[in-house]
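Descriptive structure summary
Chain by chain, the residues:
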Amino acid sequence: MNSILGDLRYGWRLLLKNRGFTLAAVLSLALGIGANTAMFSVVNAVLLRTLPFPDPDRLVMIWEDASFAGFPRNTPAPANYADWKSQNQTFEEVAAINREGFDLTGNGEPQSVQAYAVTANFFPTLGVRPILGRVFLSEDDNPQANKVVVLSYRLWQSRYGGEQSIIGREILLNGEKYAVIGVMPASFQFLESYIALWVPAAYTPEVLARRGSHFLHVVGRIKPGVTFEQANADIQGIQAQIARDYPNEAGRVTAFILPLREQFAGDLRRPLLVLLVAVGFVLLIACANIANLLLSRAASRQREIAVRSALGASRWRIVRQLLSESLVLSSIGAPLSILFALWSFAFLEHLIPDTLKLSAKLSLDLPVLGYTLLVSLITAIVFGLAPALQASKLDLNQALKQSAGRAGTAIGGKRLRSAMVVAEVALALVLLVGAGLLIQTFLKLREQYSGLQPENVLTMRTVLGPNKYRDLTRRAAFYDQVLERVKALPGVITAGFSTTVPLEWKGGTSGFRPEGLTAEEAQATGLSYDANHRQVTTDYINAIGMPVIKGRYFDAGDTAQSMPVAIVNQTMARQYFGDDAIGKRMRLGRRDSGEPWITIVGVVGDVRQMGVDEPVKAEMYFPFGQITSQPWFSPRDLALRTSVDPSSLAGAVVNAIHEVDPDQPVANIRTMEEILGEQTAPRRLGMTLLTIFAGVALLLAALGIYSVLAYFVVQHTAEIGVRLALGSPQGSIIKLVVKRGMSLALTGVAIGLLATYALTRLMASLLFGVSATDPLTFGLIAGLLALVALAACYLPARRASRLDPLAALRCE
């Protein structure tokens, strides 16, 4: 032990003498280890840390699979949920929830809040308890029961100041009194983090008999000792029987279960692992650079090492001494890396999905600190072992005869240094191509919305209370009066209301039947005859910027008294109506329900409404007021197209709304550009991080080439001096050095291209509009890397060509 401590003290003294080298190595390690620590903290929080529920591995989501309609993970119908709950043999509990919107009034400004209506067993299924009061009892989950509510911690603090007396107090939701019975912990969330409160679902028997309406989320807790596969087979068997019993409503619907962990973080698993591997590559490149520096230092210490060997030091003893210096470097870099990781947490928190925002916090807990310690130790071995083994392998006679100026030439580390430079270039190429593919993906995702000019569209949500605006005439009057005031504002081009603006609702479909198509013919086509349903006011489609491909927009003549009309998107027209949909008719509902025939008067361009990278789905738009049978699709979002900065009009628009109804809450005030930014934020952050990692890798690879060539010039100073003295032109010297460096760089590029071709295929699911083996990206990145390598080669080559021959020969 004393001997090891002595090696460490000696290594510390040597590093203090070479402060420039020490500073460069420590900073490289701090950056590399810190970046790895930071990324692992995200992976730990999102993918590894236990969910904040008792026995979370037994919690699953239960979904319908309606892939035939474009919904491979579909929200279940109430009747299907009721059958799963009553017929299963493998679950302790099966609970249902659905999202609700409420206008919260009284005790402050009107506020629009999002809520979950949940069955009474929801909280027991998750195994969570309130910090104040109680959760729902079975008697609360009844349509005739007194109305009660459980508040989120955030709403309790922000609106009610955290008052303990909130329990038992009545609050107004949509104008009705609800008694507060509980407050949940600050870290509790299920799915969305913005849910402000929970109310009893209180489903009626009529609701629980519906199989054509799909709007629930279902969570279950598997019984102890039951496997995931058994529970999945149980649900699938029940759903198969449902499909046989109800072929019209559920004939092609299947079901499956999904672990809650995968539900919360499944979409982020691959991106996070890609980033973790990428930052590991950066650390490897840093290690290769430090190893090259250590090889250079070892060359200058060849006589010292030879003397030690001559005095009886074994090769292992010399390796241990050199490794101890690497351990000292790594031990200095590790604390600095922790500071770097802490600094980066504010940025990396944006990688945490909304489903884990309240519970998954980035922190330096024991697993993260253990990971940092392990990486530091492995790093010290990686960058220290090869130089130590190489330095300890020498010819004593030759080493003792050589002068200090020639000591490095006896060390057989040239091939090792060259191999590390090749590896650096290859790894840098992998990261650069990956970054290039993600940059193209991000640009193409945004480019598809450029025709809408989202930067000129302002949106806001005005959910009309179901009690105050139950009457259709009163709703229409609200829309008309608001639009009259808003359109009169300076800078507003046009405005309209819609069920939802693009990207703000990933559901909302209803079935339809084209005229002349029988049920048997519809089944034979294999199509779903299901489309996104949007009810809009006259100018909405124009305001949002969707171009009319054929036909017309809605106009003032499309009223409740006129012929029912619709506008469909290109996908719906192509799938269901052939080349020309104008003039063709359809009826809402899957069977002859007595609904009026609706005539298609326009076809608009496709816009991805369900998500920036989700396939375009069939969409149909109806003038508000003509469709009264499905009031849940009534407009709620206001969209304005402006000729000025849309954000500058937000206050005036809100005032116009409050002139019509002072108590109407207004929420989600954003431009379409901001909505698009939110939807692409995770990809933008992943792209930014990978681009940063690739940029650092490129810089380190260039420095690696530069350092190897600089060392090459130093070792061949005498040879270069002789060449210059004999009349060799400077160009030949430059060519000599550049050829040496570029042969290494191009070898690295070739190896990197092969590795990248194999590895980028793993990124295919992260890409949009670009192939994982896009030849243009591969070619441009390879060319860029070659140019950077050429620049790194030219600097030492230029310095070599300007050597003074006499000074160079004196070195010999």
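The notes below deal with the structure included here. (Residues numbered from 1 in each chain as written. Predicted model: local features only at pLDDT ≥ 70, side-chain atom pairs only at ≥ 80, totals over all residues. Heavy atoms only, no water.)

1. Here we look at the overall build of the protein
- Per the secondary structure count, the protein includes 24 helices and 22 strands.
- Out of the 812 residues belonging to the protein, those deemed buried represent 52%.
- Partitioning the intrachain contacts of the protein with sequence separation of at least 6 by distance along the chain shows that 82% fall at a separation of at least 24.
- When the accessible surface of the protein is totalled, it reaches about 35,200 Å², and 58% of it is carbon and sulfur. (Helix = DSSP H or I, 4+ residues; strand = E, 2+ residues; numbered from the N terminus. Buried < 20%, exposed > 50% of the residue type's maximum accessible area, 1.4 Å probe, protein only. Contact = heavy atoms within 4.5 Å. Areas by Shrake-Rupley, 256 points an atom, 1.4 Å probe, with all protein chains shown as cover.)

2. A few points about the packing of aromatic side chains
- Enumeration according to the criterion identifies 22 aromatic pairs in this entry.
- Centre to centre, the rings of Phe-478 and Phe-497 are 6.3 Å apart; their planes meet at 55°, and the pair counts as tilted. Here Phe-478 is found in helix H15 (residues 472-487), whereas its partner Phe-497 is found in strand S13 (residues 492-498), with 19 residues between them in sequence. Grouping residues by exposure puts Phe-478 and Phe-497 together as buried.
- When the ring of Phe-512 is compared with that of Tyr-529, the centres are 5.9 Å apart and the planes differ by 65°; the resulting orientation is edge-to-face. Highlighted residues: Phe-512 in strand S14 (residues 509-514) and Tyr-529 in the loop between helix H16 (519-525) and strand S15 (530-536), separated in sequence by 17 residues.
- With relative accessibility at 0%, the residue Phe-512 sits in the buried group.
- Look at Tyr-529 and you get buried, because its relative accessible area is 7%. (Phe/Tyr/Trp six-rings, centres within 6.5 Å; stacked < 30°, edge-to-face > 60°.)

3. A few points about the nonpolar core
- Counting residues in each nonpolar core, the largest one holds 129 residues, and the members touching the most others are Met-39, Phe-122, Phe-123, Phe-188, Phe-190 and Trp-198.
- Among the elements that line this core, the one with the most residues is helix H9 (residues 269-300), at 17 residues.
- The contacts of Phe-123, once residues within four sequence positions are left out, are Val-118, Val-128, Val-135, Phe-136, Met-184, Phe-188 and Trp-198.
- In terms of nonpolar packing, the next biggest core, distinct from the first, is built from 41 residues, Val-94, Leu-132, Val-199 and Ala-201 among them. (Core = buried A, V, L, I, M, F, W, Y, C linked by side-chain atoms within 4.5 Å.)

4. Some thoughts on helix H20 (residues 672-715)
- The terminal C-alpha atoms of H20, which comprises 44 residues, lie 61 Å apart, in line with the 64 Å expected from a rise of 1.5 Å per residue.
- Along its length, H20 shows its largest kink, about 55°, at Thr-680, and proline Pro-682 lies within four residues downstream of that point. (Expected span 1.5 Å × (residues − 1). Bend = angle between axes of the 7 residues up to and from the residue.)

5. What about the packing of H15 against helix H19 (residues 650-660)?
- Following both chains from N to C, one finds H15 and H19 inclined at 140°, their axes separated by 9 Å at the closest point. Here H15 lies oblique to H19, going by the angle between them. Between H15 and H19 lies a crossing of right-handed hand. Here H15 contributes Phe-478, Gln-481, Val-482, Arg-485 and Val-486 to the contact with H19, which in turn contributes Val-653, Ala-656, Ile-657, Glu-659 and Val-660. (Axes fitted to C-alpha atoms, helices over the stretch in contact; angles between N-to-C directions. Parallel < 35°, antiparallel > 145°, perpendicular 65-115°, else oblique. Left-handed = near helix turned anticlockwise from the far one by under 90°.)

6. Remarks on the side chain of Glu-192
- Relative to the assigned elements, Glu-192 resides in the loop between strand S8 (176-183) and strand S9 (197-200).
- Given the relative accessible area of 15%, Glu-192 is considered buried.
- Contacts of Glu-192, omitting those with residues within four sequence positions, involve Arg-99, Tyr-116 and Asp-354.

7. Here's the deal with unusual backbone geometry
- Backbone geometry at Leu-503 places phi at a positive 75°, although glycine is not the residue there.
- When its relative accessible area of 3% is taken as the criterion, Leu-503 is described as buried.
- If you check the backbone angles, Asn-668 has positive phi at about 55° while not being a glycine.
- Turning to its location among the elements, Asn-668 is positioned in strand S22 (residues 667-671).

8. Section: the pairing of strand S17 (residues 565-569)
- Of all five residues that make up S17, five are buried, and the element is covered over most of its length.
- Neither face of S17 is left uncovered, since the one carrying Val-565, Ile-567 and Asn-569 and the one carrying Ala-566 and Val-568 both have all their residues buried.
- Where S17 meets strand S20 (residues 619-623), two bridges bridge the pair, whose relative direction is antiparallel. Along S20, the bridge assignment pairs Ile-567 with Tyr-621. (Pairing = 2+ DSSP bridges.)

9. Overview of the packing of helix H22 (residues 730-759) against helix H23 (residues 775-801)
- Between H22 and H23, the least distance of the axes is 8 Å, while the angle of their chain directions is 155°. Taken together, the axes of H22 and H23 lie roughly antiparallel to each other. The chirality of how H22 crosses H23 is right-handed.
- The residue inventory of the contact of H22 with H23, partitioned by class, reads 21 nonpolar, four polar and one charged. (Nonpolar A, V, L, I, M, F, W, Y, C, P; charged D, E, K, R; others polar.)

10. Comments concerning the environment of His-658
- With respect to the helices and strands, His-658 occurs in helix H19.
- It is 8.9 Å that separates the C-alpha atoms of His-658 and Val-482, two residues lying 176 residues apart in sequence.
- Apart from residues lying up to four places away in sequence, His-658 is in contact with Gln-664 and Val-666.

11. Concerning the pattern of salt bridges
- Throughout the structure, instances matching the rule amount to 20 salt bridges.
- The salt bridge involving Asp-637 is made with Arg-461; its shortest N-O contact spans 2.7 Å. One end of the pair, Asp-637, is in strand S21 (residues 637-642); the other, Arg-461, is in strand S12 (residues 457-461), with 176 residues separating them in the sequence. With respect to burial, Asp-637 and Arg-461 carry one shared label: buried.
- One salt-bridge network, in which partners are shared between bridges, spans Arg-461, Glu-504, Asp-637, Arg-670 and Glu-678. (Salt bridge = Lys/Arg side-chain N within 4 Å of Asp/Glu carboxyl O.)

12. Digging into the side chain of Ser-418
- Here Ser-418 shows up in helix H14 (residues 414-447).
- On the basis of relative accessibility, which here comes to 10%, the residue Ser-418 falls in the buried class.
- Those residues in contact with Ser-418 that sit more than four places away from it in its chain are Arg-740 and Leu-744.

13. Topic: the environment of Gly-611
- Mapped onto the secondary structure, Gly-611 falls in the loop between strand S19 (598-604) and S20.
- A C-alpha to C-alpha distance of 9.4 Å links Gly-611 and Thr-680, two positions 69 residues apart in sequence.
- Excluding residues within four positions of it along the chain, Gly-611 makes contact with Tyr-449, Leu-503 and Lys-506.

14. Comments concerning a nonpolar patch on the surface
- A contiguous nonpolar surface patch, about 340 Å² in accessible area, is contributed by Leu-284, Leu-374, Ile-378 and Val-382.
- The greatest single-element share of the nonpolar patch, amounting to three residues, is contributed by helix H12 (residues 366-391).
- Secondary-structure assignment places Val-382 in helix H12. (Patch = residues over 30% accessible without salt bridge, like charges linked within 9 Å, V, L, I, M, F, W, Y side chains within 5 Å.)

15. Examining the environment of Asn-98
- Mapped onto the elements of the fold, Asn-98 is located in strand S3 (residues 91-105).
- Once residues within four sequence positions are removed from consideration, Asn-98 is found in contact with Ala-115, Tyr-116, Ala-117, Tyr-203, Phe-215 and Leu-216.
- Here the side chain of Asn-98 touches Tyr-203 through a polar contact of 2.5 Å, side chain to side chain. (Polar contact = N/O pair within 3.5 Å; in protein donor to acceptor, adjacent residues only side chain to side chain.)

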